[in-house]
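Residues per chain are reported as follows:
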Amino acid sequence: MTTETDSGQMVRALSWKGAFWVAAGVPPLVLFSIGGIAATVGQYAFVVWILSMLMGFSQSFTYAEMAGMFGNKSGGTSVYGATAWLRYSKLIAPLSVWCNWFAWSPVLSLGCAIAAGYILNSLFPIPLAESQPVLDWIAANLASYTAETASVAAYMAENAGTTAEQAIQAVASADAVTALTPAFRVFEAFAITIPGLGTLHFNSTFLIGVVLMLIILAIQHRGVAQTASAQKWLAIIVLTPLLLVGLVPLLNGSIDWMNVTDLVPPTAAYSGLEREWNLGGWTLFLGGLYIAAWSTYGFETAVCYTRELKDPRRDTFRAIFYSGLLCCVFFFLIPFSFQGVLGQEGMLEPGIVDGTGVGEAMGNMIGGGPVITQIFVILMIMALFLAIMTAMAGSSRTLYQGSRDGWLPKFLGDVNSHGAPHKAMWTDVVFNIFLLALASDAGGYFYVLAISNVGYILFNFMNLNAGWIHRIDSAHMDRPWKAPSWLIGLNTILAFVNALFLGAGAKVWGYENALWSGLIFASFILPVFWFRHYYQDKGRFPKEAYDDLGLKEGELGERKAGFLPYLALIAGAAVVLWANWFFVLPA
């Protein structure tokens, strides 16, 4: 470890405030799924966000303790927790790291997909049916339509009772919009369908998303200090107006309290129709908590940079604690204000559900005109940049440390002259270019989100249990900050609550097999780990992996917890399988 650049090592150039600013990209994650959760669970969506955030904040104290134990490691709490499982199985430790990585990494592709949508709306907009250019086109071409025109006849057949004149007007309007839509907006070079996975779309969204990804890669190539500096100013620019969106409706009386009372689930996801608290309603509720966790727990990324902190003993706890407080403010206020102002009908608008209309909605919520609304659209793009930069910084360091600890291929453990894990960052980008093609339409977007969250919940389950395992097996290790024992116990219970979310909630997002797809992807670590451990390292871990645990090289230490870690895994699997069987979607 060094404080000098050009050393071939990571550089201790970060204070806790720098780590805080890098993690400041987490609050905008609320905008990724605010519409999807509201459309799924109904008017009590803001309650889901609050409960999920409270769980995430509680869990972070376990993670803060483990982060302080490993001042020389990078990669975040999944790495620190994985070391607890190493004595019990060589496979479980890398599984935790892998699950955390493939949960965080898709923020790149999902964020770029939404940002590309905003750019397309701004530069290549689809004309409105009532706009003057469309009306002019209709006036110029209306005479060419008759009742015998094929498209008019088809419209009349599909819409019984429609007169020929009405059908002509409707068809002409649709043709006008199509004719005046910029070609690049609907451009698609080709599409590839992969059975069991989805369709890869190589379209305009994909092209813009790749460019955005490469820009962010270039910024992070300069090292963590440069990244933190860019994040600081970007966060101030983005989070200040985002805070106003949460506060102004409360202060100016624009909250409609009917929108945040009478909290009952809908008859089905995206229906907007209220029902009652039955088995289907509870399934939707758990599905909302399942997907919200992907955003609300995310501030644990603040401890991804322990190896780059100037004073890791003091700074790790402060970084994650203050990042958690920041997230509490935004995850409490933003969903409540959105729900209170827009109501269930407004939250079901396509632009809110897919994220591309959130910027415009924010401008309208504070009573701004067209100029203010356009500013908020620009701020939304910047907010996405903030979230993407946070995700790339954290996920690439997870790959880096996984390589240093002997779990992932060796090439991922290199850094450039600025101390940035450049090969891990490029791996992130290449993986997300593939995901971007999958997420370049609304259906693929939520599929990627649902699958990646399988990994995130698995990681949280294993990591929360790692807290008490470390207490038993690694009691000799120094803990600069130690969580109260009762809180370690509470967070262990929350590990199984998360398992409940996983079993019941993954199916809610339109993909019955999301749970199994996520588990299959999680299993991909098996050949990756086998290649590194048994082929490259001949069955031994690197010396530094033993040094970090205070163990002699080649020894993993006594399993003081006995059978309890295995029992936790068996119980967790049982909860997931039972919840997946018991909870069913509304008929």
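In this report, the structure presented in the accompanying data block is examined.

Calculation criteria
Residues numbered from 1 in each chain as written. Predicted model: local features only at pLDDT ≥ 70, side-chain atom pairs only at ≥ 80, totals over all residues. Heavy atoms only, no water. Helix = DSSP H or I, 4+ residues; strand = E, 2+ residues; numbered from the N terminus. Contact = heavy atoms within 4.5 Å. Lys, Arg positive; Asp, Glu negative; His and termini not counted. Charge placed at Lys NZ, Arg CZ, Asp CG, Glu CD. Expected span 1.5 Å × (residues − 1). Buried < 20%, exposed > 50% of the residue type's maximum accessible area, 1.4 Å probe, protein only. Arc of directions from axis to C-beta. Phe/Tyr/Trp six-rings, centres within 6.5 Å; stacked < 30°, edge-to-face > 60°. Lys NZ or Arg CZ within 6 Å of the ring centre and 35° of its normal. Salt bridge = Lys/Arg side-chain N within 4 Å of Asp/Glu carboxyl O. Core = buried A, V, L, I, M, F, W, Y, C linked by side-chain atoms within 4.5 Å. Axes fitted to C-alpha atoms, helices over the stretch in contact; angles between N-to-C directions. Parallel < 35°, antiparallel > 145°, perpendicular 65-115°, else oblique. Left-handed = near helix turned anticlockwise from the far one by under 90°. Nonpolar A, V, L, I, M, F, W, Y, C, P; charged D, E, K, R; others polar.

Now for the overall build of the protein. Helix and strand counts for the protein come out as 23 helices and 2 strands. For the protein, the C-alpha atoms occupy an extent of roughly 85 × 55 × 50 Å along the three principal directions. If you take every contact in the protein between residues at least 6 apart in sequence, the share linking residues at least 24 apart comes to 80%. Charge-centre separation for the protein: the mean point of 29 positive side chains lies 20 Å from the mean point of 36 negative side chains.

Here we take up helix H23 (residues 564–582). Between its first and last C-alpha atoms H23 spans 26 Å; for 19 residues at 1.5 Å apiece the expected length is 27 Å, and the two agree. Every buried residue of H23 is listed here: Pro565, Ala568, Gly572, Val576, Ala579 and Asn580. The buried residues of H23 all sit within an arc of 100° when viewed along its axis, so they share a single face. Exposed positions of H23 whose direction lies more than 90 degrees from the buried face are Ile570 and Trp581.

Turning our attention to the packing of aromatic side chains. Evaluation of the coordinates by the stated rule reveals 41 aromatic pairs. An aromatic cluster of at least three residues, connected via ring pairs, comprises Phe57, Phe61, Phe317, Phe321, Tyr322 and Trp481. Sitting over the ring of Trp233, Lys232 keeps its end group 5.3 Å from the ring centre. The positively charged end of Lys538 is found above the aromatic ring belonging to Tyr535, 5.4 Å away from the centroid.

Applying the stated criterion across every chain yields a total of 7 salt bridges. A salt bridge links Arg471 to Glu65, with the shortest nitrogen-to-oxygen separation between them at 2.8 Å. Placement of the pair is Arg471 in helix H18 (residues 442–473) and Glu65 in helix H3 (residues 45–69), with a sequence separation of 406 residues. Here Arg471 matches Glu65 in class, with each residue buried.

This part takes up the nonpolar core. The biggest cluster of nonpolar side chains holds 179 residues, and the ones touching the most others in it are Phe32, Ile37, Tyr290, Phe338, Met362 and Trp407. Beyond its immediate chain neighbours, meaning those up to four positions away, Ile37 contacts Gly42, Ala45, Val48, Trp49, Gly288, Ile291, Ala292 and Trp509. If you look at the next biggest cluster of nonpolar residues, it comprises 10 residues, including Ile138, Tyr145, Val171 and Ala172.

The next thing to look at is unusual backbone geometry. Even without a glycine there, the phi angle at Lys538 is positive, about 55°. Position of Lys538 among the secondary structure elements: in the loop between helix H21 (525–536) and helix H22 (543–548). The class of Lys538 is exposed, set by a relative accessible area of 63%.

Tracing the backbone shows Met462 in helix H18. For the pair Met462 and Thr492, spaced 30 residues apart in sequence, the C-alpha separation works out to 9.6 Å. With residues up to four places along the chain from it excluded, the contact list for Met462 reads Trp85, Ile92, Leu95 and Ser96.

Moving on, we come to helix H17 (residues 422–438). The end-to-end C-alpha distance of H17 is 25 Å, a good match for the 24 Å that 17 residues give at a rise of 1.5 Å each. Within the sequence span of H17, burial applies to Ala424, Met425, Asp428, Val429, Phe431, Asn432, Leu435, Leu436, Ala437 and Leu438.

Packing of helix H10 (residues 204–220) against H17 leaves a shortest axis separation of 10 Å and a crossing angle of 165°. By the angle class used here, H10 and H17 are roughly antiparallel. The handedness of the crossing between H10 and H17 is right-handed. On the side of H10, the interface is formed by Phe206, Gly209, Val210, Met213, Leu214, Leu217 and Gln220, while H17 contributes Met425, Trp426, Val429, Asn432, Ile433, Leu436 and Ala437. Tallied by class, residues from the contact of H10 with H17 come to 11 nonpolar, 3 polar and no charged.

In short, geometric facts, not functional conclusions.
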